[in-house]
Amino acid sequence: MAAQEVVERLRTDPADEGDGESESVSLVVQLTRLVSLLAKAFPRLALRKLPSQTLAPLAELEQLVSPATKHATVVESRSLVRTTALLVQELGVWAHGKAGDNLTELTTSYALLISLLDATLEACADLIQSNIAQRVFEACFPRLNYRSVIRGDWEDGQEVVLLSLDASSRLGCGFDRLHSNPTLASLVLIAHALPPKHPTLPLLVTIFPVILTSLQSNVALDATLATLLKVLCASPPPQAELSPDIIIPLTTVLPLLCSAHPDALTRHITFRILGRVLQLATPVLRLQVLRDLVSTTEDASPHMRNAAIGLVKEAVLEALVSRRTENVFSTPLLLQTIGPHVFRLDPPDILASITEVDSLKDSPEPARLVECLGLYYVLLSRDVDNRTGIRDPGTIRSVESSLLGPIRSALGRWMEDSVESLPLAALQISMERVDDALKAIG
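Calculation criteria
- Residues numbered from 1 in each chain as written.
- Predicted model: local features only at pLDDT ≥ 70, side-chain atom pairs only at ≥ 80, totals over all residues.
- Heavy atoms only, no water.
- Helix = DSSP H or I, 4+ residues; strand = E, 2+ residues; numbered from the N terminus.
- Contact = heavy atoms within 4.5 Å.
- Areas by Shrake-Rupley, 256 points an atom, 1.4 Å probe, with all protein chains shown as cover.
- 1 Å grid on protein atoms, 1.4 Å probe; cavity = no way out; pocket = protein on both sides within 12 Å on 5 of 7 lines; lining within 4 Å.
- Points joined across faces, edges and corners; volume = space filled by probe spheres on them.
- Nonpolar A, V, L, I, M, F, W, Y, C, P; charged D, E, K, R; others polar.
- Polar contact = N/O pair within 3.5 Å; in protein donor to acceptor, adjacent residues only side chain to side chain.
- Axes fitted to C-alpha atoms, helices over the stretch in contact; angles between N-to-C directions.
- Left-handed = near helix turned anticlockwise from the far one by under 90°.
- Parallel < 35°, antiparallel > 145°, perpendicular 65-115°, else oblique.
- Buried < 20%, exposed > 50% of the residue type's maximum accessible area, 1.4 Å probe, protein only.
- Salt bridge = Lys/Arg side-chain N within 4 Å of Asp/Glu carboxyl O.
- Disulfide = S-S within 2.5 Å.

Undergrad: What is the right way to look at the overall build of the chain in this model?
TA: When you go through the chain residue by residue, the secondary structure sums to 21 helices and zero strands. Look at the contacts in the chain between residues 6 or more apart in sequence, and 73% of them connect residues 24 or more apart. If you sum the accessible surface of the chain, you get close to 21200 Å²; carbon and sulfur atoms cover 54% of it.

Structure (C-alpha cells):
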C-alpha cells in the first residue's frame with residue numbers, strides 16, 4: 001500500500017520529489033527504486049484478488065516512465081530497464097503460480113507486465129547506448145572502419161536489452177511474436193536478437209511501419225539502423241528486389257537523415273543504407289529516385305545532392321559491368337534523365353558571381369562540380385562501347401558548352417589570383433582528368 005501511495009504521489013505531481021533526501025534524487029532514480037520495491041512486495045502479498053487485479057497498479061506506474069526518463073542519464077536509463085526486466089521476470093513466475101489453470105487470467109497478467117516493459121524500453125530506447133548500429137555497420141563494412149567510435153561501456157547497454165528480451169520470452173513474447181505485432185519497444189529487441197539466417201526481407205515487410213515511424217520521429221534510431229543494416233547489408237545480401245512500397249518511403253526519409261542529422265556517424269551509416277536500398281530497386285525506379293536527389297529543389301541539401309551524384313556513379317559502374325541491356329543506367333536514357341541536372345552549372349552564372357578564390361569555400365557549387373566532373377570522367381573512360389551515348393559528338397559539345405567551358409573560364413580567372421585553395425585544386429585536377437579522357441577518345 002505504501003508503494004501504491006508513492007506511485008499516486010509521483011503520478012499526480014511528478015515535479016514533487018518529496019522532502020529530505022529525495023529532493024536531490026531524480027525522478028527516474030525514485031522510479032527505479034519503486035520498481036525494485038514492487039518486485040519484492042507483490043509476491044509477499046496475501047492474495048485476496050485475482051493476480052491481474054493485484055498487478056493493476058502497474059498501469060499507473062507505466063504512466064510515470066515517459067516523464068521520468070526525459071532528463072535521465074545513460075546509467076540511470078540502463079538501471080531502470082534492468083530493474084523493470086527483473087520485475088517482469090519475477091512477477092511473471094508469481095502470476096503463473098497464482099493463476100493456475102486460468103489462462104485468461106494469466107494472459108491478462110502477462111499483458112500488464114509486457115506493457116510496462118515495452119513502455120520502459122521505448123522511453124529509454126535512445127539512452128541504452130548499446131551502439132548496435134555501429135557494431136553491425138563495422139561488421140558489414142569492415143574496410144570503412146578506420147576509426148571505431150563505439151562506446152567503451154556498450155556491453156552494459158546490450159546486457160539490459162538481452163535481459164529484457166529474456167523477460168519478454170519467458171512471458172511468451174519470443175522473436176516470432178515480437179515481429180508479428182511490432183512496436184518501437186519490440187524493434188529494440190529485434191535489433192539485438194535478429195538471427196543471422198532469418199528470412200530478412202519478409203521480416204522487413206512485417207515491421208516496416210514501425211521502422212518508418214522510428215526514422216520519421218528519430219526515436220529508437222540506433223535499433224532501426226541496425227535492423228536495416230542486418231536486413232539489407234549483411235552477407236550474403238538479399239537477392240530479391242525490394243517492393244516500391246518500401247523503397248519510396250525509405251528514399252524519401254533517409255536522405256533527410258543523411259543531410260540533417262547532427263551526428264556524423266549516423267549520417268554515414270544512413271547514407272550506406274540508402275545506397276543499398278537503391279541497389280535493391282529496379283533500375284527504372286533507381287534512376288527516378290536519383291534524378292530527384294540530384295535535382296534542385298527548395299528543401300534539397302547541397303551535401304545530399306553532391307553525395308547523390310556518387311550514387312549515380314555507383315549505378316553506372318554496375319550497369320556497365322553487366323551486359324543486361326534493360327539496365328537504364330547503360331542506355332541513353334541515363335543522360336536524358338540525369339544530364340540536365342548534373343552536366344551544367346546551377347545556376348548558370350554561379351561561377352561568374354564568384355570573383356575571388358577565397359569565396360570558393362563559401363559556395364557548395366565547386367564541390368558539386370567536382371562530383372559532376374567525376375561522373376563525366378567515369379562515363380567517358382568506362383563506357384567504351386558508347387552505350388549511354390556519352391561519346392557522341394553532340395553530347396561532348398553540349399557538355400563542353402554547359403559545364404566544361406564555364407569551368408575553364410572561371411579557372412583561368414581564378415588562377416590569376418595566385419591564391420592556394422583546396423576547392424580550386426580539386427576543380428583543376430578533375431578538369432585535367434576529364435581533358436585526358438577526352439583526348440584519349442579523340
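That was the structure; now back to the text.
Undergrad: Honestly, empty space enclosed by the protein in this entry has me stumped. Any pointers?
TA: Rolled over the atoms, a probe sized like a water molecule indicates the empty space that remains. For the structure on display, the rule yields one cavity of 30 Å³ or more. Roughly 70 Å³ of internal volume is contained in the largest cavity. Around the largest cavity, the lining residues are A125, I128, Q129, S130, I132, V161, V188, H192, A220, D222 and A223. When its residues are assigned to classes, the lining of the largest cavity shows seven nonpolar, three polar and one charged.

Undergrad: Please clarify how the environment of N102 should be interpreted in this entry.
TA: Summarising the element assignment, N102 is placed in the loop between α5 (74-99) and α6 (103-124). Here T104 takes part through its backbone nitrogen, which lies 3.3 Å from a polar atom of the side chain of N102.

Undergrad: In this structure, what is going on with the packing of helix α12 (residues 221-233) against helix α14 (residues 264-279)? I would like to understand it.
TA: Between two packed helices, what matters for the description is the angle formed by their axes and the separation of those axes. Where α12 contacts α14, the axes come no closer than 10 Å and their chain directions differ by 35 degrees. At the point where α12 passes α14, the crossing takes the left-handed sense. Facing α12, whose interface residues are L221, L225, L228, L229, L232 and C233, α14 presents T266, I269, T270, I273, R276 and V277. Of the residues in the contact of α12 with α14, the class split is nine nonpolar, two polar and one charged.

Undergrad: Hey, could you run me through the packing of α5 against helix α8 (residues 154-170) in this one?
TA: For the pair α5 and α8, the least separation of the axes is 9 Å and the interaxial angle reads 20 degrees. By the angle between their axes, α5 is roughly parallel relative to α8. Considering the relative orientation of α5 and α8, their crossing is left-handed. Of the residues in α8, those touching α5 at R78, V81, R82, A85, L86, V88 and Q89 are W154, D156, G157, E159, V160, L163, S164, D166, A167 and R170. Classifying every residue of the contact of α5 with α8 gives eight nonpolar, three polar and six charged.

Undergrad: Sorry if this is basic, but what is going on with the side chain of N306 here?
TA: Relative to the helices and strands, N306 is located in helix α16 (residues 302-321). According to the relative accessible area criterion, N306 is buried, its value standing at 12%. Not counting chain neighbours up to four residues away, the residues in contact with N306 comprise P364, A367, R368 and E371.

Undergrad: How should I be thinking about the pattern of salt bridges in this particular structure?
TA: Once their charged atoms are close, side chains differing in charge can pair, the charge on each being opposite to the other. By the definition in use, this model includes 10 salt bridges. Here D153 and R78 are joined by a salt bridge, their closest N and O atoms 2.9 Å apart. Of the two residues, D153 is situated in the loop between α7 (132-140) and α8 and R78 in helix α5; the sequence distance between them amounts to 75 residues. For D153, a relative accessible area of 25% corresponds to the partly exposed category. For R78, a relative accessible area of 4% translates into the label buried. Ionic pairing is found between E400 and R408, a salt bridge with its closest N-O pair at 3.0 Å.

Undergrad: How do you make sense of the environment of A234 when you look at a structure like this?
TA: Within the element layout of this structure, A234 appears in the loop between α12 and α13 (244-260). In this structure, the C-alpha to C-alpha distance between A234 and A139, residues 95 residues apart in sequence, is 8.1 Å. In this view, A234 contacts C140 and L229; residues no more than four positions away in its chain are not counted.

Undergrad: I keep staring at unusual backbone geometry and nothing clicks. Help me out?
TA: Leaving glycine aside, a negative phi is the common case for residues, and trans is the common case for peptide bonds. D346 connects to P347 through a cis peptide bond whose omega is -5 degrees. You can see P347 is positioned in the loop between α17 (333-342) and α18 (350-353). Here N131, not a glycine, exhibits a phi torsion of approximately 55 degrees, which is positive. In this structure, N131 sits in the loop between α6 and α7. You can call N131 buried: its relative accessible area is 13%. Phi angles above zero are rare outside glycine, and A220 is one such case at about 55 degrees. With respect to the element layout, A220 can be found in the loop between α11 (200-217) and α12.

Undergrad: Would you mind showing me how to read the state of the cysteines here?
TA: The bond known as a disulfide is covalent and runs between the sulfur atoms of two cysteines. By the definition in use, this model includes zero disulfides. We note that C140 lacks a disulfide partner, and the nearest cysteine sulfur, in C233, lies 5.7 Å from it. Take C233: its relative accessible area is 11%, and that puts it in the buried class.

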